[in-house]
Amino acid sequence: MKSALVLSGGGARGAYQVGVLKAIAELLPKHAHNPFSIISGTSSGAINAVALAASANNFQLSVKKVERIWRNLHVDRVYESGVVDLLKSCGRLAGSLFNQGIGTSRPLALLSTDPLRELLSHTIQFKNIQKRIDNGFLEAVAVTASGYTSGESVSFFQGNEKIKKWRKTRSVGVPAQLNVDHLLASSAIPTILPAQRISREYFGDGALRQLSPISPVIHMGAERIFVIGVSGNQKHLPKEYSDAHSPSLAHMVGHVYKCAFIDSLEADIEHLVRVNNLIKDIQECHQEKLLGRLRYLDFLAIEPSIQFDEIADKHVRDLPPGMRLIMKITGATGGLGGASMASYLLFESAFCQELINYGYQDAMEQASEILAFLK
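Chains are numbered independently. Their residues run from 1 in the order of the written sequence. Per-residue local features are limited, in this predicted model, to residues with pLDDT of at least 70; the limit for side-chain atom pairs, both in listing and counting, is 80 or more; totals at the level of whole chains, interfaces and linings are taken over all residues. Heavy atoms throughout the structure, all of them, feed into the side-chain values; hydrogens and water do not.

A. Representation of the environment of Gly91 within the structure. Relative to the assigned elements, Gly91 resides in helix α4 (residues 83–95). In this structure, the C-alpha to C-alpha distance between Gly91 and Leu110, residues 19 residues apart in sequence, is 9.7 Å. Secondary structure is summarised from DSSP: a helix means a run of H or I of at least four residues, a strand means a run of E of at least two, and numbering begins at the N terminus for each.

B. Representation of a nonpolar patch on the surface within the structure. Taken together, Tyr148, Tyr202 and Leu208 make up a surface patch of nonpolar side chains, about 280 Å² in accessible area. Structurally, Leu208 can be placed in the loop between β8 (201–205) and α8 (215–219). Within this analysis, patches are made of residues with over 30% relative accessible area and no salt bridge. Like charges are joined at 9 Å or less; nonpolar side chains (Val, Leu, Ile, Met, Phe, Trp, Tyr) at 5 Å or less. Exposure was quantified through the Shrake-Rupley algorithm and a 1.4 Å probe, taking into account, for residues, occlusion by the shown protein chains and nothing else. Any carboxyl oxygen of Asp or Glu within 4 Å of a side-chain nitrogen of Lys or Arg constitutes a salt bridge here.

C. Focus on helix α5 (residues 114–123). Buried, partly exposed and exposed residues are distinguished by accessible area as a fraction of the type maximum, computed with a 1.4 Å probe on protein chains only: under 20%, between the cut-offs, and over 50%, respectively. Along α5, the residues that are buried comprise Pro115, Leu116, Leu119 and Leu120. Around the axis of α5, the buried residues are gathered within 125 degrees of arc, so they sit on the same side. In α5, those exposed residues whose orientation departs by more than 90 degrees from the buried face are Glu118 and His122. We call two residues contacting when some pair of their heavy atoms lies within 4.5 Å. As for α5, its buried residues are in contact with α2 (44–54), α3 (59–71) and α7 (180–186). To obtain the arc, one takes the directions from the helix axis to the C-beta atoms.

D. Region of the structure containing the packing of aromatic side chains. Whether two aromatic rings pair depends on their centres lying within 6.5 Å, for rings of Phe, Tyr and Trp, where Trp uses its six-membered ring; planes under 30 degrees apart make the pair stacked, over 60 edge-to-face, and the rest tilted. Summed over all chains, the structure comprises eight aromatic pairs. Aromatic pair Tyr16 and Phe308: ring centres 5.9 Å apart, planes at 75 degrees, arrangement edge-to-face. Here Phe308 lies in helix α10 (residues 308–315) and Tyr16 lies in helix α1 (residues 15–27), a separation of 292 residues in the sequence. Note on Phe157 and Trp166: the rings are 5.5 Å apart at their centroids and 10 degrees apart in plane angle, and the pair reads as stacked. By the burial criterion, Phe157 is buried, and Trp166 matches it. Think of it as a cone above the ring: NZ of Lys or CZ of Arg counts as a charge over the ring if it is within 6 Å of the ring centre and within 35 degrees of the ring normal. The ring of Tyr360 is capped by Lys22, whose NZ or CZ atom sits 5.5 Å from the centre of that ring. In this arrangement the basic side chain of Arg224 is found over the ring face of Phe373, its NZ or CZ atom lying 5.2 Å from the centre.

E. Local environment of the pairing of strand β9 (residues 224–228). The element β9 is extensively covered by neighbouring structure, given that five of its five residues are classed as buried. Of the two faces of β9, the one holding Arg224, Phe226 and Ile228 and the one holding Ile225 and Val227 are both buried throughout. Note: two strands are recorded as paired if DSSP finds a minimum of 2 bridges between them. Relative to β9, strand β1 (residues 3–7) runs parallel, the two sharing five bridges. Considered in β9, the bridge of Ser3 is made with Arg224. When β9 meets strand β10 (residues 298–302), the two strands line up parallel, connected through five bridges. Across the sheet, Phe226 pairs through a bridge with Leu300, a residue of β10.

F. Representation of the side chain of His315 within the structure. Among the structural elements, His315 can be located in helix α10. For His315, a relative accessible area of 9% translates into the label buried. The residues contacting His315, other than those within four sequence positions of it, are Leu346, Ala350, Phe351 and Glu354.

Below, the structure written as structure tokens:
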């Protein structure tokens, strides 16, 4: 059966996924090949997905490579965060008001991702992806981005010849030779990180119009699906904030990001569970003729046991001075309910290492379920 791995988006929260992957690598035999035939990622999940695909011949080694990136990460390796850089960006944003809100020299954004382009170009061997596919270690890997002109959720996939392009309402699958442009496009958080041009269209963060994050792997033939999300623990009640003031700017932005990065995945998981339960009921009634094109999909999701906002609130002080100032003036602190926004931009090693550790612990607590799924 074809097993698929789905890695959702969430900026710096993507470090949590690395911890889960690390646990899986330890549970598998040493030198084991990639256990997932199909890998799909969005935003920071896309970076993790492509990095895994490039070294699919040795899963443990590929996870170590991804972990090394995240454990040594700093903001200045992802985006330009100096005070002068931020002032220049603000100047470009102000200047765009005299040009119908359009950037003249580059796409408008608060932060430049030139450092991330350099980091990914040096750490991911994109040319190896096709080698892994040709040698049978992988069937396909997909990266999802959102088209600003078409308004479509586009999954750029690189895979074997059996996998064909698809088109559904606001969702398209397009074959491509994946490169750093696709990763930058998929992770381009609107207004914060710059849009990326691919062919004739500019693309932004893949979570924006991705109403069904699991659907790309289903289109590519997945029969079992393993999902690693980055939402907070739903059983853990968040802190109560005072209603004495309206939401801070960071609180509102963080709320929008949660809607984009998290809500669609959770809704898609609920839909998949409902369909699986429906199929079980039909089979128990011996009415298989009613199934039509419906098919049961084995499914396992790792749900974080933590609240990302609370952890981010502890690490805001790790940011460079310019970013700390932005977090302060926009209300990105736990006391004002805006730490959620900070959690997406906190590409600092201490924060990432803590998320990796929690991801590892959560996965190990479900070790028996993971092993049963992979077998």
